[in-house]
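What follows is the residue order along each chain.
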Amino acid sequence: MKLAARMNRIGVEGAFKVLARARALEATGRDIIHLEIGEPDFDTPPHIVEAAKQALDQGFTRYAATPGLPELREAIAAHVSRTRGTSVGPERVSVVPGGKPMIFFPMLALLEPSDEVIYPDPGFPIYESMINFLGATPVPIPLMEERGFSFDLNLLRDKLSSKTKMLILNSPQNPTGGVIPADDIRAIAEMVRDRDLMVLSDEIYSQIYFDQPPLSIASVPGLLEKTIILDGFSKTYAMTGWRLGYGVMPEWLVEAVTKLMVNSNSCTATFTQRAGVAALNGPQDGAARMVAEFQRRRDAFCEGLNTLPGFRCSIPGGAFYAFPNITGTGLSSDSLADALLERAGVACLSGTSFGAFGEGYLRFSIANSFEKLMEAVERIKDFLAANERK
Ligand code: PLP
């Protein structure tokens, strides 16, 4: 039996492949420091877990309205209105099982084979995978290290065409940790304002920033109608396994996403949605502590990376990744990432796992303890010294 041809066009995430290789090495007795996977190393705050337990006891175990429980849609609308400085009502909210479905469903609902999608490279690999899967045309735009991993705005202007149906923005960014400067967001808003396209603004790291808060393009007057805000609970509340995310978008698109949800999930698990209400309306100190700890690790880890010969690491403004330039080592990203795993016991990702423009970089997740991160720097230092002597 042959799979459908479209299955030749869908991709996967490099992080899960490297995790599998790292686990196989561990099974042979090797000690590996895991800096490959993009998942907070914190537990979900206890009041959120408690809310889910209570919901189960109260009978939140059945189907519910497809776009989400009314109380969660309300809480999300209030949260997004507050954090994005704009006014959105619950009718614009669609609750889905994780952030990823908010890439999958809007793309499925909007893209035709002749459409072009502009997206960041290096960027979250699911964007390119889904564009190819749907037979649309991928138009990657390189992120510029010297611009804090923002786009070259002139290049973006050149790439926008009558075929551009979607522009994907991601800030704070995976894999670079870059935050798109507010002036760039305003300039991009002016470029797209009169175009017949939608902006998919991936804001899954919206609450994890260390300096300036990121500006959502939906906050720019008039842009709410053209924007799909993707956000969720996985990163901010350390809830990756709960599968709870959402989108905020015009109502006509909520309707389309709801139809796709009816055909796939029916609804998002109801007791996890009740936990989501507790996450948004309850105490935020757990999330704040996590961000403060990420900042402490970011400062020390990037400082450590910057002492390594051939490495140059800009300081990420958000998310929980470091994305050093490693061209000075003379090695390719793939071969250095492989060697660090096999010979130094440090699992990280090649920049090329995020697109061709990721060549020359590695991605380290700082979602591991301070001590492990410092040890990783030492291991890489020893590896580079041994490699130099060879
Ligand atoms: N968008 C970006 C940029 C991400 O890095 C991730 C997760 O790694 C997601 C979306 C998906 O989030 P979720 O795990 O909630 O599906």
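Residues numbered from 1 in each chain as written. Predicted model: local features only at pLDDT ≥ 70, side-chain atom pairs only at ≥ 80, totals over all residues. Heavy atoms only, no water.

Q: A description of the side chain of Glu 116 should follow, citing residues and the corresponding values.
A: In this structure, Glu 116 sits in strand β3 (residues 116-121). It turns out Glu 116 is buried and unbridged, and the closest side chain with the opposite charge, Lys 163, is 4.9 Å from it. Polar contacts involving the side chain of Glu 116 include one to the side chain of Ser 161, which spans 3.1 Å. When near neighbours in sequence (up to four residues on either side) are disregarded, Glu 116 contacts Thr 137, Val 139, Lys 159, Ser 161, Lys 163, Thr 164, Lys 165 and Met 166. (Helix = DSSP H or I, 4+ residues; strand = E, 2+ residues; numbered from the N terminus. Buried < 20%, exposed > 50% of the residue type's maximum accessible area, 1.4 Å probe, protein only. Lys, Arg positive; Asp, Glu negative; His and termini not counted. Salt bridge = Lys/Arg side-chain N within 4 Å of Asp/Glu carboxyl O. Polar contact = N/O pair within 3.5 Å; in protein donor to acceptor, adjacent residues only side chain to side chain. Contact = heavy atoms within 4.5 Å.)

Q: Describe in detail a negative patch on the surface, supporting the description with residues and values.
A: A surface patch of like charges, here negative, comprises Glu 74, Glu 91, Glu 251 and Glu 255. Mapped onto the elements, Glu 91 comes out in the loop between α3 (70-84) and β2 (93-96). (Patch = residues over 30% accessible without salt bridge, like charges linked within 9 Å, V, L, I, M, F, W, Y side chains within 5 Å. Areas by Shrake-Rupley, 256 points an atom, 1.4 Å probe, with all protein chains shown as cover. Charge placed at Lys NZ, Arg CZ, Asp CG, Glu CD.)

Q: So, the sheet that holds β2: which residues are in play, and what are the values?
A: Across the sheet, eight strands lie side by side as β2-β9-β8-β7-β6-β3-β4-β5; this open sheet has mixed pairing. The outermost strands of the open sheet, each flanked by one partner alone, are β2 and β5 (150-151). Sheet topology note: the strand β4 (residues 137-144)/β5 ladder contains two bridges and is antiparallel. When the bridges of β5 are listed, Leu 143 appears paired with Phe 151. Here helix α5 (residues 125-133) sits on the sheet and contacts β3, β4, β6 (164-170) and β7 (198-202); the angle it forms with β3, its principal contact strand, is near 160 degrees. Here helix α8 (residues 251-262) sits on the sheet in contact with β2, β7 and β8 (227-232), set at roughly 20 degrees to β2. (Pairing = 2+ DSSP bridges. Axes fitted to C-alpha atoms, helices over the stretch in contact; angles between N-to-C directions.)

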